[in-house]
Amino acid sequence: MAERCAVIGVGQTKYDAKRIDVSMPGLLREAALRALEDAELTWSDIDAVVIGKAPDTFEGMMYPENYLADGLGATGKPLLRVHTAGSVGGSTANVAASLVQAGIHDRVLTVSWEKQSESNAMWGLTLSPPFSVAVVAGAGGFFAPLVRTYMHRSKAPEDTGILVALKDRRNALKNPYAHLQMPDVTYEAIRDSFMLWDPIRYLESCPSSDGACAMVLAKEALAERTPRKPAWVMATSMRSEPVQFAKRDAVNPMAGRLAAKDLYSKAGIKDPRKEIDCIECYVPFSWFEPMWMETMGFADEGEGWKLTHDGTTALDGARPVNMSGGVLSSNPIGASGMCRYAEAANQVRGEAGEHQVDGAKVALGHAYGGGSQYFAMALFGSAKP
Amino acid sequence: MRDVAIVSFAQSNAESEIRSEVEILQPVAAEAVAKSGLARNEIEFTCSGSSDWLQGQPFAFVMALDAVGSWPPIVESHVEQDGAWALYEAWVKIQTGEVESALIYAFGKTSPGDIAQVQALQLDPYCVTPLWPDLDSLSAIQARACIDAGVVSERQMAEVAARALAAGRDNPHAVRKEAAAVDALLARPYRVTPLRDHDCPANSDGATAMVIVAGDRARQLCERPVWIRGIDHRIDPPALGVRDLTRIPSAALCAEKAGASRDKLDFAEVTAPYSHQEILLRRELGLGSDALVNPSGGSLAAHTLMSCGLNRIGDAAMRIAAGKGDRALAHAGQGPCLQQNLVVVLEGE
């Protein structure tokens with residue numbers, strides 16, 4: 001790539017079920033202003049804005065960039081709107097980074113969000129479309145069979161999902177932005193929570209959240225002069241594959257494996273297990289942690305669950321996963337991918353607060369979407385690549 | 001910036017389609033790929049534009065992956081905007097040096113839904129959308145403001161429509177085509193004053209696909225690559241009460257940033273869903289009153305929401321490729337009263 005790019009500012013809203021204290025522009029501005037303040041910049045320092053969110057049916061708006069243009073300080077500027085299903089928070093940041101890497105802009109603001117309380121995500125997902133069969137089960141109904149298949153293939157202990165949920169819910173207690181704060185959560189409480197989509201229990205599932213996440217990206221010369229430590233973008237990657245066909249393995253998707261391989265190759269990572277310090281990945285249902293560990297090469301096939309059981313993925317483990325509490329603790333769908341990137345970037349900046357991993361130098365941000373078919377990833381480093 | 005050329009383009013032609021979006025798109029994408037001279041798996045990036053609202057389901061664009069070929073997995077992205085913005089994202093991707101070719105596509109099918117109601121969803125969701133103003137009415141307010149300011153007249157609008165309808169007769173993709181005198185058009189009834197039917201977009205269903213390739217590879221692939229010499233997009237504020245509706249400052253800014261005025265333009269293809277907007281765009285984009293605008297017939301001859309902007313760019317590129325001009329401006333616009341705009345400056349080899 002022509003230009004180096006770094007994250008120089010990160011901002012997030014408090015995630016909650018219903019942010020009725022703010023309008024949609026109010027929500028986005030809360031995140032965007034925090035990112036600008038983090039970078040000690042103002043709106044006029046920004047050359048272009050890239051926004052992303054999941055389906056517009058979730059808020060009942062078409063072309064939301066029209067309405068949000070001046071709220072995001074984008075009047076007279078380029079404003080691009082990305083939508084790649086659940087991976088959108090990640091791919092939006094990738095597109096924003098490409099504007100800097102291509103040498104087109106010096107500083108780009110990227111914002112993603114979901115304000116699920118404006119509409120009803122379940123309604124948004126269960127429309128009866130022409131020519132197609134409606135998925136009337138929500139996302140959990142789609143993913144439960146994949147989890148069941150993983151359990152069958154890997155022979156993982158049945159409580160792997162419970163352990164992941166327990167870890168992420170405890171991590172969330174250290175993250176003031178996290179939606180779910182469950183100080184009294186126990187193994188038993190998760191085990192005994194009701195079965196939503198067998199084998200996925202209620203407390204092994206993500207919440208529906210309102211929230212926004214923002215990042216300011218800058219070219220090398222500006223990143224070097226920024227007040228706080230930048231997170232250098234070592235590499236980004238995206239891959240997509242079709243929803244359904246016989247050759248496809250939806251449990252360990254080829255698109256996910258190729259995106260990870262491409263990411264490591266671009267960043268010069270030879271052994272991700274040795275060279276990556278922590279991972280923030282998109283786990284809306286707890287069993288996806290071991291699944292993605294295998295897809296991204298942190299464990300051999302069928303062995304991802306061992307990383308949960310032996311404590312490797314714990315906050316004080318050898319390679320922590322979802323230090324922020326992850327999607328299990330906050331899920332503003334369209335922003336969830338960017339929240340992963342923001343956490344990964346903050347880890348290498350040393351700005352992750354109470355959930356900081358000591359000495360994190362290389363962190364991976366991961367997002368996926370659709371029927372486990374859209375993948376967006378980025379690697380952030382504390383050192384200039 | 002790396003030189004990037006449009007090497008192939010294809011579009012469907014129908015007013016109202018029985019086929020699904022995937023079925024409409026598949027042959028169009030296949031045609032663009034075949035004409036590019038590249039095999040599908042040689043094209044390194046794929047980017048599309050569409051709107052979930054037209055299909056009436058979330059993640060509607062996901063199905064399109066089946067139509068364009070996505071196995072083995074592809075490097076792919078999507079904008080919930082007109083395909084012209086997907087072209088922009090693809091052009092940026094090539095500029096990063098990561099890829100040297102891209103397939104861009106867009107599709108829209110407005111016939112199954114109530115497009116007036118759907119398009120009201122792009123306004124302020126708290127204060128304006130609940131009133132359900134349709135785009136014809138908002139554009140009529142803009143046309144009225146322009147007439148009152150002396151910027152356009154109803155006769156000039158009818159002249160634009162007469163040219164578009166006549167041009168539609170030579171365009172196999174046009175759905176509205178007619179030889180009509182200006183006076184005859186002016187005698188027709190209003191739809192929403194001061195707009196008559198022919199002043200409003202000729203809504204149609206369809207899909208569009210394009211292949212772009214960088215540098216010498218483009219020269220190897222086609223006789224006369226059409227180079228993207230400049231591309232830029234900008235947005236104006238949303239509140240109609242804030243904007244001077246007789247001006248489109250973001251369109252003027254894109255034309256300037258894209259370097260439109262650096263040399264003579266032989267013609268322009270612009271996205272003007274309403275006739276008065278072509279007159280406004282001529283002024284904002286620096287096109288003279290005698291400049292050749294929309295030889296394709298534009299949106300008054302065929303307006304496929306989500307792909308019409310990419311269509312204008314493709315139409316302009318194919319006209320240059322055919323030797324009917326060397327340098328052209330192509331424009332895409334979306335949003336109420338053309339709030340958001342994109343300009344591409346194209347040059348033949």
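About the criteria used
Residues numbered from 1 in each chain as written. Chains lettered and ligands numbered in written order. Predicted model: local features only at pLDDT ≥ 70, side-chain atom pairs only at ≥ 80, totals over all residues. Heavy atoms only, no water. Helix = DSSP H or I, 4+ residues; strand = E, 2+ residues; numbered from the N terminus. Buried < 20%, exposed > 50% of the residue type's maximum accessible area, 1.4 Å probe, protein only. Contact = heavy atoms within 4.5 Å. Areas by Shrake-Rupley, 256 points an atom, 1.4 Å probe, with all protein chains shown as cover. Lys, Arg positive; Asp, Glu negative; His and termini not counted. Charge placed at Lys NZ, Arg CZ, Asp CG, Glu CD. Rg over C-alpha atoms; globule rule 2.2 N^0.38 Å. Buried area = accessible area lost by both parts, 1.4 Å probe. Salt bridge = Lys/Arg side-chain N within 4 Å of Asp/Glu carboxyl O. Polar contact = N/O pair within 3.5 Å; in protein donor to acceptor, adjacent residues only side chain to side chain. Nonpolar A, V, L, I, M, F, W, Y, C, P; charged D, E, K, R; others polar. Domains from an automatic or database assignment. Pairing = 2+ DSSP bridges. Core = buried A, V, L, I, M, F, W, Y, C linked by side-chain atoms within 4.5 Å.

Q: Could you clarify how one ought to interpret the overall build of chain A in this entry?
A: Helix and strand counts for chain A come out as 14 helices and 11 strands. Residues classed as buried in chain A amount to 66% of the 385 residues present. Sequence-distant contacts, at least 24 apart, represent 77% of the contacts inside chain A between residues at least 6 apart. When the accessible surface of chain A is summed, it comes to about 12400 Å², and 52% of that surface belongs to carbon and sulfur atoms. Here chain A contributes 39 positive and 45 negative side-chain charges, whose respective centroids are spaced 3 Å apart.

Q: What is the right way to read the overall build of chain B from this model?
A: Secondary structure assignment for chain B yields 13 helices and 11 strands. Computed over C-alpha atoms, the radius of gyration of chain B comes to 19 Å, within 12% of the 20 Å expected from 2.2 N^0.38 for 349 residues, which places it in the range of a compact globule. Reported as C-alpha extents along the three principal axes, the dimensions of chain B are approximately 55 × 45 × 40 Å. Burial statistics for chain B: of 349 residues in total, 65% are counted as buried. Within chain B, residue pairs in contact and separated by at least 24 positions form 78% of the contacts whose partners lie at least 6 positions apart. If you sum the accessible surface of chain B, you get close to 11600 Å²; carbon and sulfur atoms cover 50% of it. Once the 31 positive and 45 negative side-chain charges of chain B are each reduced to a mean point, those two points are 5 Å apart.

Q: I keep staring at the interface of chain B and chain A and nothing clicks. Help me out?
A: Frequently, the measure chosen for interface size is the accessible area removed from exposure when the parts meet. Contact residues are listed per partner, giving 59 residues for chain B and 61 residues for chain A. Summed over both sides, the interface of chain B with chain A buries roughly 5200 Å², with 64% coming from carbon and sulfur. At the boundary of chain B and chain A, one finds one salt bridge. With a shortest N-O distance of 3.0 Å, B:Glu98 and A:Lys266 are connected by a salt bridge. On inspection of chain B and its partner chain A, the count reaches 19 residue pairs in polar contact (both at pLDDT 80 or more). Element by element, the count of residues in the side of chain B that touches chain A is highest for helix α4 (residues 83-95) of chain B, at six residues. Among the residues making up the side of chain B that touches chain A, the classes are represented as 30 nonpolar, 18 polar and 11 charged.

Q: What am I meant to see in helix α11 (residues 275-284) of chain B here?
A: The α-helix advances 3.6 residues per turn, and as a result positions three or four apart in sequence lie on the same side. Residue and element names in this part refer to chain B. Most of α11 is tucked away, with nine of its 10 residues classed as buried. Among all positions in α11, only Ser-275, His-276, Gln-277, Glu-278, Ile-279, Leu-280, Leu-281, Arg-282 and Glu-284 are buried. Looking one or two places after α11, you find Gly-286, whose phi comes out positive at around 75 degrees.

Q: What is the right way to read the domain arrangement of chain B from this model?
A: Residues and elements named next belong to chain B. Here the domain parsing of chain B yields domain 1 (4-114 + 203-226) and domain 2 (129-199 + 227-348). Taken over C-alpha atoms, the centre of domain 1 sits 23 Å from the centre of domain 2. Between domain 1 and domain 2, the contact holds 41 residues from the first and 37 residues from the second. Looking at the side of domain 1 facing domain 2, the largest losses of area belong to Trp-85, Arg-224 and Val-226, adding up to 23% of the total buried there. In this structure, the connection of domain 1 to domain 2 is made through one salt bridge. Asp-326 is paired through a salt bridge with Arg-224; the nearest N and O atoms lie 2.8 Å apart. Within the residue set of the side of domain 1 that touches domain 2, elements represented by two or more residues are β1 (4-11), α4, β4 (101-108), β7 (206-214) and α9 (215-221). Along the lines of polarity and charge, the residues of the side of domain 1 that touches domain 2 split into 19 nonpolar, 16 polar and six charged.

Q: What should I look at first to understand the pairing of strand β11 (residues 340-348) of chain B in this one?
A: Successive side chains on a regular strand alternate, one facing one side of the sheet and the next facing the other. Residues and elements named next belong to chain B. Among the nine residues that make up β11, eight are buried, leaving the element largely enclosed by the rest of the structure. Note: strand β8 (residues 226-235) against β11, nine bridges, orientation antiparallel. For Ile-231, the partnering residue across the bridge sits in β11 and is Val-344. Here strand β10 (residues 327-334) runs beside β11; their pairing, made up of eight bridges, is antiparallel. Directly across from Leu-329, in β11, lies its bridge partner Val-345. Between β10 and β11, which pair antiparallel in sequence order, lie five residues; one of them, Gly-335, sits at a positive phi of approximately 90 degrees.

Q: Is there a simple way to think about the pairing of strand β8 (residues 231-240) of chain A in this case?
A: Residues and elements named next belong to chain A. Summarising burial for β8: 10 of the 10 residues are buried, a large majority. Looking at chain direction, strand β1 (residues 5-12) and β8 are connected through two bridges and run antiparallel. Paired with Ala-6 across the bridge in β8 is Trp-232. Two elements, β8 and strand β11 (residues 374-381), share eight bridges in a ladder whose sense is antiparallel. The partner of Thr-236 across the bridge, within β11, is Ala-378.

Q: Teacher, can you tell me more about the nonpolar core here?
A: Soluble, globular proteins show a tendency: their nonpolar side chains are buried together. In this structure, A:Phe380, B:Leu87, B:Ile212, B:Ile313 and B:Leu346 are the most contacted members of the largest nonpolar core, which totals 77 residues. When residues in this core are grouped by element, the largest group, nine residues, is from α4(B). Here this core spans two domains, since at least three of its residues come from each of domain 1 (4-114 + 203-226) and domain 2 (129-199 + 227-348) of chain B. Look past the residues within four positions of B:Ile212 in its chain and what remains in contact with it is B:Val4, B:Ala5, B:Ile6, B:Leu87, B:Ala90, B:Trp91, B:Ile94, B:Glu100, B:Ser101, B:Ala102 and B:Ile104. Core analysis: the second largest hydrophobic core is formed by 48 residues, A:Leu146, A:Tyr282, A:Met291 and A:Leu379 among them.

Q: Where do I start with the pattern of salt bridges in this structure?
A: Opposite charge on two side chains allows them to pair when their charged atoms are near. Residues and elements named next belong to chain B. Under the defined criterion, the tally for this structure stands at 51 salt bridges over all chains. Salt-bridge contacts for Glu-178 lead to Arg-188; the nearest nitrogen and oxygen are separated by 2.5 Å. Of this pair, Glu-178 sits in the loop between α7 (154-168) and α8 (182-186) while Arg-188 sits in the loop between α8 and β5 (190-192); the two residues are 10 residues apart in sequence, bridging distant segments of the chain. Residue class for Glu-178 comes out partly exposed when judged on its relative accessible area of 27%. Its relative accessible area of 31% is what places Arg-188 among the partly exposed residues.

Q: Where do I start with the environment of A:Ser87 in this structure?
A: Residues and elements named next belong to chain A. Within the secondary structure, Ser-87 is located in the loop between β3 (79-82) and α3 (88-101). What makes Ser-87 buried here is its relative accessible area of 2%. For the pair Ser-87 and Asp-56, spaced 31 residues apart in the sequence, the C-alpha separation amounts to 15 Å. Setting aside residues no more than four positions away along its own chain, Ser-87 makes contact with Ala-367, Tyr-368, Gly-369, Tyr-374, Phe-375 and Ala-376.

Q: What exactly am I supposed to notice about the environment of B:Glu31 here?
A: Residue and element names in this part refer to chain B. Structurally, Glu-31 can be placed in helix α1 (residues 21-36). Taking relative accessible area as the criterion, Glu-31 reaches 32% and is therefore assigned partly exposed. Linking Glu-31 and Ser-299, residues 268 residues apart in sequence, is a C-alpha distance of 23 Å.

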